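Take a look at the letters that make up each chain.
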Amino acid sequence: MAGGTTNLLIVEDDPFQRETVCAYLAGQGFVCEAVADGKACRAAVAVAMPDAALLDVGLPGGEDGFALARWLRGQSPLLGIIMLTAAGDLVDRVVGLESGADDYITKPFEPRELLARIRAVMRRAGAEGAAQGAALAAARPEVLPPGKARIGGAILDLKRGLLVTAEGREDTLTEGEFTLLKLFVENPNRALHRDWLLERTSGEEEPEAFDRAIDLRIMRLRRKVERTPTRPMAIRTVRGVGYLFDPEAV
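Structural notes, computed from the coordinates. Quick caveat: nothing in here was measured; it's all calculated off a predicted structure. Within each chain, residue numbers correspond to sequence positions counted from 1 in written order. Selection of residues for local features in this predicted model requires a pLDDT of at least 70, selection of side-chain atom pairs for listing and counting requires 80 or more, and totals for whole chains, interfaces and linings are taken over all residues. Note that water and hydrogens are dropped before the side-chain values are worked out from all heavy atoms of the structure.

Put simply, a salt bridge is a Lys or Arg side-chain nitrogen that is within 4 Å of an Asp or Glu carboxyl oxygen. If you walk through the whole model with that rule in mind, you get 16 salt bridges. A salt bridge links Asp-171 to Lys-224; the shortest N-O distance between them is 3.6 Å. Pair noted here: Asp-171 is in strand β9 (residues 170–172) and Lys-224 is in helix α8 (residues 213–225), with a separation of 53 residues, a long-range link. Relative accessibility thresholds used throughout: buried, under 20% of the residue-type maximum; exposed, over 50%; partly exposed, between the two (1.4 Å probe, protein chains only). Overall, the relative accessible area of 22% leaves Lys-224 in the partly exposed class. One salt-bridge network, in which partners are shared between bridges, spans Asp-171, Glu-177, Arg-220 and Lys-224. Numbering of helices and strands runs from the N terminus, with a helix taken as a DSSP run of H or I at least four residues long and a strand as a DSSP run of E at least two residues long.

See below:
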C-alpha cells in the first residue's frame, strides 16, 4: 500500500466483468491489475504482491479461485481476499472462507457493495498487520520436547493424551479427538480422505452410521486449536477429499 494507495489484483475470466470491475474501482482511487486465470495471477504476484485480490471462483486452466486463495494466503497472511461467485451456494461460501478468503460476494453485485466490502477487508488487514507485527517482534524460535507437537495455537501432548490451549489451559481429549489429532501429526501436509479418517477414528462402530461425524469432530477440534476457528489455518479443508494438517500454521 505505497503512499496510501491500495493495489488490487482482479482475477476474472469474463472480459466484460473484468474490465467493468477494474474501471469502476480505478475510478474510486484504486490501482488495479486485471488478469484472466491462475497462471497470469501467479505471474502478477511474482512481480508485486497486491494489497487485496478479487478472485472469481470458476476459472479456466485447471486452477479455480479456491486453489488460488489457498496459494495467495500462503504467500501473505495479510493479503485481503474476496471471492466472486456466481451462485449463493453455502458450500462454496464456506469452502472459500476456509481456503483463506476474507469475504465473498455473489454475482451480480452492486458496485457500491463491492467497494464497501473491499474497504472493510482492508481495515481488518491493517488491524491484523499491526497485531501480527507486535507478536512477531516478541516471538522466539520454538523448540518442543519429544512427545509434544504444535497444532495451530495449541500443543498436543502425545504421551498424556491432552491438549494445552493457546491460553495455557489443559484440555482433556476424547479418544476419538486424540486419535484424529495424532493422525494429523503423523501425516503432515497430506490431504487425508474423510472416509479414511472416519474409519480410523470410529473404533468398533460402523463408519457408515456416522456420515458427518468426522466433520463434527473437526469443527470441535478447530475451536480448540485454531487461533481463529472461522478461518482455520492448521486443519484445512481440501475440497472433494477431506482435511490437511499444516504444521507451519501457528
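For the pair helix α2 (residues 38–47) and helix α3 (residues 65–75), the least separation of the axes is 11 Å and the interaxial angle reads 15 degrees. Considering the angle they form, α2 stands roughly parallel to α3. Crossing hand, α2 versus α3: right-handed. From α2, Gly-38, Cys-41, Arg-42 and Val-45 reach across to α3, where they touch Leu-68, Trp-71 and Leu-72. Classification convention: Asp, Glu, Lys, Arg as charged; Ala, Val, Leu, Ile, Met, Phe, Trp, Tyr, Cys, Pro as nonpolar; all other residues, Gly among them, as polar. Among the residues making up the contact of α2 with α3, the classes are represented as five nonpolar, one polar and one charged. Between N-to-C directions, angles span 0 to 180 degrees; the directions come from axes that are lines fitted to C-alpha atoms, helices contributing only their stretch in contact. Roughly parallel refers to an angle under 35 degrees, roughly antiparallel to one over 145, roughly perpendicular to one between 65 and 115, and oblique to any angle outside these ranges. Left-handed describes a crossing whose near helix is turned anticlockwise from the far helix by less than a right angle; the clockwise case is right-handed. Every residue pair with non-hydrogen atoms within 4.5 Å of one another is taken to be in contact.

What the three strands build is an open sheet, ordered β10-β12-β11; its pairing is antiparallel. Only two strands of the sheet have a single neighbouring strand rather than two, namely β10 (191–193) and β11 (235–238). Direction aside, the axes of adjacent strands within the sheet are offset by 35 degrees on average. Inspection of the sheet shows β10 paired to strand β12 (residues 242–245) by three bridges, in the antiparallel sense. Within β12, the position partnered with Ala-191 by the bridge is Leu-244. Across the sheet, helix α6 (residues 175–186) touches β10, β11 and β12, and the angle it forms with β12 is around 60 degrees. The criterion for strand pairing is that DSSP finds at least two bridges linking the strands in question.

Looking now at helix α7 (residues 194–201). Within α7, the full set of buried residues consists of Arg-194, Leu-197, Leu-198 and Thr-201. Burial along α7 is one-sided: seen end-on, the buried residues are contained in an arc of 100 degrees. Looking at the buried positions of α7, the neighbouring elements they touch are α6, β10, α8 and β12. What the arc describes is the spread of directions from the helix axis to the C-beta atoms.

Disulfides are defined in this document as cysteine sulfur pairs within 2.5 Å. According to the stated counting rule, one finds zero disulfides in the structure shown. Cys-32 takes part in no disulfide bond, and the closest cysteine sulfur to it belongs to Cys-22, at a distance of 4.3 Å.

A word on the pairing of strand β2 (residues 31–35). The pairing of strand β1 (residues 7–11) with β2 spans five bridges and is parallel. If you follow Asn-7 over to β2, its bridge partner there is Val-31. A clockwise path from the first strand over the helix to the second, with the strands pointing away from the viewer, defines a right-handed crossover. Considered for its hand, the β-α-β crossover made up of β1, helix α1 (residues 15–27) and β2 is right-handed.

Spatial strand order, β6-β7-β8-β9: four strands in an open sheet with antiparallel pairing. Because the sheet does not close on itself, it has two edges, and the strands there are β6 (148–151) and β9. Averaged over all pairs of adjacent strands, the angle between their axes in this sheet comes to 30 degrees, without regard to strand direction. Pairing of β6 with strand β7 (residues 154–157) involves four bridges; the strand directions are antiparallel. For Lys-148, the partnering residue across the bridge sits in β7 and is Asp-157. Against the sheet, α6 touches β6, β7 and β8 (162–164), its axis set at about 100 degrees to β7.

Okay, the layout of surface pockets next. Each pocket or cavity is described by its volume, and for the second largest pocket that value is around 660 Å³. Whether a set of points on the 1 Å grid over the protein atoms alone is a cavity depends on a 1.4 Å probe fitting there but being unable to get out, while an open set qualifies as a pocket with protein on both sides within 12 Å along at least five of seven lines; lining residues are those with an atom within 4 Å of a point. Lining the second largest pocket are 24 residues, and of these Val-94, Glu-98, Arg-222, Thr-237 and Tyr-243 sit closest to its centre. Contributions of two or more residues to the lining of the second largest pocket are made by α4 (90–98), α8, β11 and β12. Grid points are joined across faces, edges and corners, and a volume is the space filled by probe spheres set on the points.

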